[in-house]
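Residue-level listing of the chains:
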Amino acid sequence: MTTAAPSEVDLDSAPGVLEGACTIELTAEQCDLPYWLEHVAGGMLRTLREDDRYDLTPTRTLLAPGALREALVTEFSFRYLAEEKAARALGELVARAPDTASLEFFSTQLVDEARHARAFREHLLRLGIDGPDVAATIERVARADSEAILDPLERFALDVVRGEGDFYGGVVTLTVLVEGVLAPAAELSERKWRPWDPAAALVERAANIDEIRHLAVGSAIVRRHVADNPAERERLAELVAAGRALWKGLPMVDMLLRRELLFQEGLSEHAALIGGYEVWPGRRLVDTDPQERLETAQRWSHETQQARLDYMLLADGSR
């Protein structure tokens, strides 16, 4: 008999990225293979097939050529490449997992990221891109950003996990330096696309629920390791500092600003269609501008990352 899904994996009751990434506590033992098979496996793709919200066709503004459509295609193409790279990198963690719980959890996360990649790619099809043209579209709109941002992150992570055989360093890299930074941008994406394309927002929502679990469990694994091995704290904190230095040198802000400028062009053209929709409490989407949205996502990213570092005992002054 199937039991009710835990709140953290329920599409309606799970918290958003900002709350969940900062507050939810889960362990690899809790999120084991039976948990994933019963409550997660197939859930995202099944939801996208069966949920009434996904039956909604993207608005005409997204089906016709224009800035708004190009913004969504660019964003989902980049997400596809990011999720695909994450799935491949996770294979290195699975190979080096020190115990059964970690092995099972990161095996499920690998499949999660592959599911996400598939969902983002399939939504490009819903936008009217012919199947044979999807790969070429992704290449055209996202390959340069992937090479400038994702490739250096991938090399950094693989140097840690594969080159140095450092499992816990790899978990820190994925948990704090990749998922912890990108998750808040995904939260903004979910919110800003909801009035234009509810199905696109649902794809983001389903993926974000998984990312919260990944952040929580990865953080718990590192926290336990640092608590049991205090001498590791300095080494892992130095790794975080090196990763942050890498991030500062990547053109992430430039990419996000280009996206938001494109989105703003479409927003200005079609503002009347979404009326008083609030992108966050008390702030209408039509009243925001690219700089405000970018600064908000950056603030969310900093807060999320800091909360995870505090929890993992890796922040300055952590005990």
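None of these values were measured; they are calculated from a predicted model.

## Comments concerning the overall build of the protein
Along the backbone of the protein there are twelve helices and two strands. What you see in the protein, going N to C, is helices and strands ordered as α-α-α-α-α-α-α-α-α-α-α-β-β-α. The C-alpha radius of gyration of the protein comes to 19 Å, within 12% of the 20 Å expected for a compact globule of 319 residues. Sorting the 319 residues of the protein into buried and exposed places 55% on the buried side. Considering only contacts in the protein between residues 6 or more positions apart, those separated by 24 or more positions represent 82%.

## Structural notes on empty space enclosed by the protein
The full count for this structure, using the stated rule, is three cavities of 30 Å³ or more. When its volume is computed, the largest cavity comes out at roughly 500 Å³. Lining the largest cavity are 33 residues, with Phe78, Arg79, Ala82, Val178 and Leu182 sitting closest to its centre. Per-element accounting of the lining of the largest cavity gives the leading share, ten residues, to helix H8 (residues 167-193). Counted by class, the lining of the largest cavity contains 19 nonpolar, one polar and 13 charged residues. For the second largest cavity, the calculated volume is near 50 Å³. If you trace the second largest cavity, you find it lined by Phe106, Gln109, Val171, Leu174, Thr175, Glu179, His214, Leu215 and Gly218. Taken together, the elements giving at least two residues each to the lining of the second largest cavity come down to helix H6 (100-126), H8 and helix H9 (198-228). No other element matches H8, which puts four residues into the lining of the second largest cavity.

## Focus on the packing of aromatic side chains
By the definition in use, this model includes six aromatic pairs. Between Trp193 and Phe263, the ring centres sit 5.1 Å apart and the planes meet at 90°, which makes this aromatic pair edge-to-face. In this pair, Trp193 is assigned in helix H8 and Phe263 in helix H11 (residues 252-270), connecting sequence segments 70 residues apart. Residue classification places Trp193 among the buried positions, given a relative accessible area of 1%. Judged by relative accessible area, Phe263 falls into the buried class, the value being 0%. Considering the side-chain rings of Trp280 and Trp300, the 6.0 Å spacing of their centres and the 80° angle between planes classify their relative orientation as edge-to-face.

## Details of the packing of H9 against helix H10 (residues 232-249)
H10 packs onto H9 with a crossing angle of 140° between their chain directions and a minimal axis gap of 8 Å. As the angle between them shows, H9 and H10 are arranged oblique. Along its contact with H9, which presents Val222, His225 and Val226, the element H10 presents Glu232, Arg233 and Leu236. Its residues assigned to classes, the contact of H9 with H10 comprises three nonpolar, one polar and two charged.

The rules behind the values
Residues numbered from 1 in each chain as written. Predicted model: local features only at pLDDT ≥ 70, side-chain atom pairs only at ≥ 80, totals over all residues. Heavy atoms only, no water. Helix = DSSP H or I, 4+ residues; strand = E, 2+ residues; numbered from the N terminus. Rg over C-alpha atoms; globule rule 2.2 N^0.38 Å. Buried < 20%, exposed > 50% of the residue type's maximum accessible area, 1.4 Å probe, protein only. Contact = heavy atoms within 4.5 Å. 1 Å grid on protein atoms, 1.4 Å probe; cavity = no way out; pocket = protein on both sides within 12 Å on 5 of 7 lines; lining within 4 Å. Points joined across faces, edges and corners; volume = space filled by probe spheres on them. Nonpolar A, V, L, I, M, F, W, Y, C, P; charged D, E, K, R; others polar. Phe/Tyr/Trp six-rings, centres within 6.5 Å; stacked < 30°, edge-to-face > 60°. Axes fitted to C-alpha atoms, helices over the stretch in contact; angles between N-to-C directions. Parallel < 35°, antiparallel > 145°, perpendicular 65-115°, else oblique.

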